[in-house]
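Residue-level listing of the chains:
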Amino acid sequence: MLLNHTTSKIVERKALTVNPAKTCQPIGAMYAALGIHGCLPHSHGSQGCCSYHRSTLTRHYKEPVMAATSSFTEGACVFGGQSNLLQAITNIFTIYEPDIIAVHSTCLSETIGDDLSQIVGKAASEGQIPEGKHVIQAPTPSYVGSHVTGYANMVEGIVKYFAKKSDELKNQLNILSGWVEPSDMRELKRMLKLMKVKNVLLPDTSDVLDSPMTGKFEMYPKGGTTIPEMVSMGDSLHTIALGEWATEKAAITLDNQCKVKFSMTDLPIGIQATDRFIQAIAKAGSVSVPESINDERGRLVDVITDMHQYLYGKRVALWGDPDQLIPLAEFLVDMDMKPVYIVSGTPGKNFNKRMEEILGESVPEAKYKNGANADMLLMHQWIKENPVDLLIGNTYGKYISRDENIPFVRMGFPIIDRIGHSYFPTLGYMGGLRILEKILSALMDKQDATCPEESFELVM
Amino acid sequence: MERIIKERSTQVHTIGTSAHDLDCEKKSLAGSVSQRACVFCGSRVVLYPIADALHLIHGPIGCAAYTWDIRGALSSGPQLHRLSFSTDLRERDVVFGGEPKLYTALTELIEAYKPKAAFVYSTCIVGVIGDDVEAVCRKVAAEQKIDVLPVMAEGFKGTKKDGYKAACDALSKLVGTDNNFQAPPFSINILGDFNLAGELWMLKEYYEKIGVNIITCLTGDGRIDEIRQAHKASINVVQCSGSMMHLAKEMEEKYDIPFIKVSYFGIEDMADALYEVAGFFKNEEMLQKAKELVSEEIKTLLPALEPFKEKLQGKKAAIYVGGAFKAISLVKALRLIGMKTVMVGSQTGNKDDYNLLQKLCDKETIIVDDSNPNELSEFVKEKGVDLFIGGVKERPIAYKLGIGFCDHNHERKEALAGFEGMLNFANEVYASVTSPVWKFFKR
Ligand code: SF4
Ligand code: SF4
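Worth saying up front: this structure is predicted, and the values here are computed from it rather than measured.

Procedures and definitions
As a convention, each chain's residues are numbered from 1 in the sequence order in which they are written. Here the convention is simple: chains get letters from A, ligands get numbers from 1, in the order in which they are written. Note on the predicted model: pLDDT of at least 70 is required for a residue's local features to be given, and 80 or more for side-chain atom pairs to be given and counted; whole-chain, interface and lining totals, by contrast, use all residues. Only heavy atoms go into the side-chain values, all of them from the structure, while hydrogens and water stay out. The pairing criterion for strands is at least two bridges between them, as found by DSSP. By the criteria applied, helices consist of DSSP H or I runs no shorter than four residues and strands consist of E runs no shorter than two, each listed in order from the N terminus. Angles here are taken between N-to-C directions and fall from 0 to 180 degrees, while the axes themselves are lines fitted to C-alpha atoms, restricted in helices to the stretch in contact. In this analysis, two residues are considered to be in contact whenever any of their non-hydrogen atoms come within 4.5 Å of each other. Buried area adds together the accessible area that both of two parts lose upon being put together, with accessible area traced by a 1.4 Å probe. Any carboxyl oxygen of Asp or Glu that lies within 4 Å of a side-chain nitrogen of Lys or Arg is treated as forming a salt bridge with it. Marked domain ranges trace back to an automatic or database domain assignment. As used in this structure description, the phrase polar contact means that two N or O atoms lie within 3.5 Å; if the pair is within protein, one of them must be able to donate a hydrogen and the other to accept it, and residues adjacent in sequence are counted only when both atoms belong to side chains. Side-chain classes follow a simple rule in which Ala, Val, Leu, Ile, Met, Phe, Trp, Tyr, Cys and Pro form the nonpolar group, Asp, Glu, Lys and Arg form the charged group, and the remainder, Gly included, forms the polar group. Think of it in three bands: with a 1.4 Å probe and only protein chains considered, a residue is buried below 20% of the maximum accessible area for its type, exposed above 50%, and partly exposed in between. In these notes, residues near a molecule or strand are those with any non-hydrogen atom within 4 Å of it. UniProt positions are given in the numbering used here, feature names are shortened, and annotations may be inferred rather than shown by experiment. Orientation categories follow fixed angle ranges, with anything under 35 degrees roughly parallel, anything over 145 roughly antiparallel, 65 to 115 roughly perpendicular, and all other angles oblique.

Next up on the list: the sheet that holds strand S14 (residues 404–407) of chain B. All names here are of chain B. Reading across the sheet, the six strands line up as S1-S12-S11-S10-S13-S14 and stay open at both edges, with mixed pairing between neighbours. Bordering the open sheet on either side are strand S1 (12–14) and S14, each of which pairs with just one other strand. Sheet twist, expressed as the average angle between the axes of neighbouring strands with direction ignored, equals 15°. Sheet analysis places S1 next to strand S12 (residues 366–369), joined by three bridges and oriented antiparallel. Paired with Thr14 across the two strands is Ile366, which belongs to S12.

Here it is in structure tokens:
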């Protein structure tokens, strides 16, 4: 029993996070930057942070993850990191030849008061940034926010730097994709193609973090949003931003900067959220919804109908990022399941309100918490008090799953002990079908493995 | 090799070309995609396997989240080390200081988990905002009546190596605190084994078979009470010298316990590790038993290795690992299964290590210190390598290049130490190098 240290007795904790349900800002900034073509993320701080972020992304995507570091030492901490960053910019452009360097700060560089935009400005004015090359930046101290806000900051940084308004309006939409998998980015593009809507997807990690095996190591794989695409975002008809936590900031900036209005929608997870997404696209792109998309929806609904008896009333515990948890909880309720416990280490003002809307009537017993102390220990204690039938969340749920013998569906970040997340989408109706399939398999596998011999059945 | 940075040329050497001492123990260049980590990382990996202690990370959340149970160091009992405890510093704490939060967190934790001792790691931010971690630890220790050991591991204060030192400093405060213990004859400590994939358990069996008692292993499957008794050993047997040398030296000075450096990887080195201990005790019977054990093991091992050797003969390997001592054993072990090392490097090697490597390897072998993915992939292509041995960040690069891989770091799932380990190693190398998957694309 790995977690036999955990008891159901919930003690008020004032200063302690145990088994966090979040991680720190820079890793989100790094992930977002990897979704730009020809971009090398750069971590302004000591080597350790950068090394951890790269390792974690590597473990999740099973792909090489490149990022440079300012390699702070004590000197930098005393005199500031300016010279490190200036030297780094020069070195990176000569050695690694990216088109773009995406600098993010770390706790350390923020605390000593390095001003990234000032330093990058200095590099530019001193001619250290070669013609046609770019250095963008985002502040990401981890003592505020979480990996999700780090992602949001970098996407905002990208928009701020690149998006320009010209005289020519482009017949295209901006889609701010939110923190989702390469497979989901691919799925978003597929849906938009079916709807015949031209678009710029930002960022786009497909073909970067799911790149095919060719026998070559590409520092900059073929995927990622391109510079002309990012520049053109200022001329788009409208922006659809998926997930408030990860994308609202960038959407607002784009609106202020280039007067491109935006609609916030949830990540299209499940039926209703995907409906809203499709509606938003149809409206903003002035297109009608094609039959093929309606068919996909119909198939998802059909499978739920076929299997609803297995879903009814099942109690589920969820953890992860707010943008995912909100539509996921809604989807579970739509499938007649009961998301009873929900934690997210990422703070945010609307979390409780949205959960109340979704769960208030259908799952009045639900407990949810986000921000400080919303961690996996709390989740486990709730489960100990009153168990659940299913867990949905990132890899860290495996301890609870094993100790309490609860079926477990992996979703979110990081997943470092299974594959599939970067290849099969969970967005859209097709993604909904995959979530459903995983849920059913997990529940039924347990039933098959544990039911008494006399009730073991062939047909389910 | 156009892409190699000029500033780094002193950290790369090809054997047989004009002689120069390899530059090492240097800071990484700002802007490099370095594979290195930080002081905190070093201390955390060393102390992590102490299973009945509390490990509290004082800093913002990331430092704790990324080190949550990432090293497969197995415990035969408590699992407290596998949880992740953090003070999760917020903006407020950074401005006003994190000491009150640290105090509360520690107190709450000790009350809830009743650990045998607590380690408190201070990370970068803590160093910058100037929290007096040592004072808080002293205070809590006095109140709670347990050892609370500060690990001064601010990431920017050096490299992973300095983290090893910080870990040793913390450990040395525990060593020698239990004097009631009577050590049995022929007692040793094992230093620098972390019980990845249960390796320590195999080693223990070997030592026990030849009549040697192990007081404690620092730090694999570690227990606080055993560490307190470590000074009663007759000798320290140091494996991962990079990480544990400080402690070995200190124990020699303080308690007059000599140490020997060994490696448990590969037949020769494993056998030597047993012989040297027997030799130290000047005990004929023990030496005899060791010889018997080795010949017994080899009798089954060598024929078992033969089929692998046949298939792997002449294949080329590249090694890039954390410590250089490990690299040395790897070169020998690869030779045993017919493979040639054409590139070898480490993140933290020192002059002696690199000199030894130069002597050991063939002409034209490339030796590197603190390398980066670009260099590594260039070398691998240039040399036509069939196998890469490295850690988590090297694995996907090797695969992308279409070559086999073997993890010799935190993510190994097979025990590679000892005689059984050698067979596992051969098996793993063979599986990777000869996998049919490589035929599906052109290199
Ligand atoms: S110091 Fe900050 S940025 Fe670095 S790993 Fe820790 S939390 Fe993340
Ligand atoms: S903040 Fe410092 S201690 Fe923490 S991971 Fe980064 S370099 Fe290491």
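And the narrative resumes.
How big an interface is tends to be reported as the loss of accessible area on association of its parts. Taken residue by residue, the interface counts 70 residues in chain A and 68 residues in chain B. Between chain A and chain B lies a buried interface of about 6,000 Å² when both sides are counted; carbon and sulfur atoms form 63% of it. Between chain A and chain B we count two salt bridges in total. Salt-bridge contacts for Lys22(A) lead to Asp88(B); the nearest nitrogen and oxygen are separated by 3.2 Å.

The next thing to look at is the domain arrangement of chain B. Residues and elements named next belong to chain B. Looking at the assigned domains, one finds that chain B contains domain 1 (39–164), domain 2 (187–292) and domain 3 (313–412). Computed over C-alpha atoms only, the centres of domain 1 and domain 3 are separated by 33 Å. In this complex, domain 1 contributes six residues to the contact, which on the side of domain 3 involves five residues. Of all residues in domain 1, the largest losses of buried area upon contact with domain 3 belong to Arg71, Lys160 and Lys161, amounting jointly to 65% of the total for that side. Scanning the region where domain 1 abuts domain 3 turns up zero salt bridges. Counting the contacts that link domain 1 with domain 3 gives zero residue pairs in polar contact (both at pLDDT 80 or more). Of the residues in the side of domain 1 that touches domain 3, the class split is two nonpolar, one polar and three charged.

All names here are of chain A. On the secondary structure map, Asp389 appears in the loop between helix H15 (376–385) and strand S13 (390–393). Judged by its relative accessible area of 30%, Asp389 is partly exposed. Sequence separation between Asp389 and Phe331 is 58 residues, and the spatial gap between their C-alpha atoms is 16 Å. With residues up to four places along the chain from it excluded, the contact list for Asp389 reads Gly313, Lys314, Arg315, Ile406, Pro407 and Leu443.

Another aspect to go through is the site of ligand 1. Taken together, Cys24(A), Pro26(A), Cys49(A), His53(A), Thr106(A), Cys107(A), Ser142(A), Pro60(B), Gly62(B), Cys63(B) and Tyr66(B) make up all the residues around ligand 1. Residues close to ligand 1 are split across chains A and B. Of all the secondary structure elements, the ones that give two or more residues to the shell around ligand 1 are helix H2 (47–61) of chain A together with helix H2 (61–66) of chain B. For the shell around ligand 1, the leading source of residues is H2(B), giving three residues. Here the residues of the shell around ligand 1 are counted per class, giving seven nonpolar, four polar and no charged.

In the vicinity of ligand 2, the residues found are Ser46(A), Gly48(A), Cys49(A), Tyr52(A), Cys38(B), Phe40(B), Cys63(B), Thr123(B), Cys124(B) and Gly155(B). Positioned at a junction of chains, ligand 2 has nearby residues supplied by chains A and B. In terms of residue count, H2(A) provides more of the shell around ligand 2 than any other element does, three residues in total. Among the residues making up the shell around ligand 2, the classes are represented as six nonpolar, four polar and no charged.

This next bit is on the UniProt feature "domain: Nitrogenase/oxidoreductase component" (unreviewed entry) in chain A. As recorded in UniProt, the feature "domain: Nitrogenase/oxidoreductase component" (unreviewed entry) lies at residues 24–443 of chain A. Annotation note: span residues 24–443 of chain A, helix share 48%, strand share 14%, distance between end C-alpha atoms 33 Å.

All names here are of chain A. It is at 6 Å that the axes of helix H11 (residues 270–285) and helix H13 (residues 322–334) come closest, and there the two elements cross at 125°. Classified by the interaxial angle, the pair formed by H11 and H13 is oblique. Across from Gly270, Ile271, Gln272, Ala273 and Arg276 in H11, the residues of H13 making contact are Pro327, Glu330, Phe331 and Asp334. A class-by-class count of the residues in the contact of H11 with H13 yields four nonpolar, two polar and three charged.

To continue, consider the domain arrangement of chain A. Residues and elements named next belong to chain A. Domain annotation of chain A identifies domain 1 (25–162), domain 2 (173–291) and domain 3 (292–453). The interface is formed by 32 residues belonging to domain 2 together with 38 residues belonging to domain 3. Here domain 2 packs against domain 3, burying approximately 3,200 Å² in sum over the two surfaces, 55% of which is carbon and sulfur. It is Trp245, Ile269 and Ile271 that lose the most area in domain 2 upon contact with domain 3, and together they represent 25% of the buried surface on that side. The interface formed by domain 2 and domain 3 holds four salt bridges in total. When the shortest N-O distance is used, the salt bridge between Asp266 and Arg354 registers 2.7 Å. Scanning the region where domain 2 abuts domain 3 turns up 24 residue pairs in polar contact (both at pLDDT 80 or more). Broken down by secondary-structure element, the contributors of at least two residues to the side of domain 2 that touches domain 3 are helix H8 (182–194), helix H10 (244–258) and H11. In terms of residue class, the side of domain 2 that touches domain 3 is made up of 17 nonpolar, five polar and 10 charged.

Let's shift gears to the pattern of salt bridges. Counted under the stated rule, the structure contains 36 salt bridges over all chains. The shortest N-O distance in the salt bridge between Arg354(A) and Glu357(A) comes to 3.6 Å. With Arg354(A) and Glu357(A) both in helix H14 (residues 351–359), this residue pair falls three residues apart, about one helical turn. Given a relative accessible area of 17%, Arg354(A) falls into the buried group. With a shortest N-O distance of 3.1 Å, Asp69(B) and Arg82(B) are connected by a salt bridge. Taken together, the residues span a long stretch of sequence, with Asp69(B) in the loop between H2 and strand S3 (85–86) and Arg82(B) in the loop between H2 and S3 at a distance of 13 residues. By relative accessible area, which is 15% here, Asp69(B) ends up buried. Residues joined in a network through salt bridges with shared partners are Asp266(A), Arg276(A), Glu330(A), Arg354(A) and Glu357(A).

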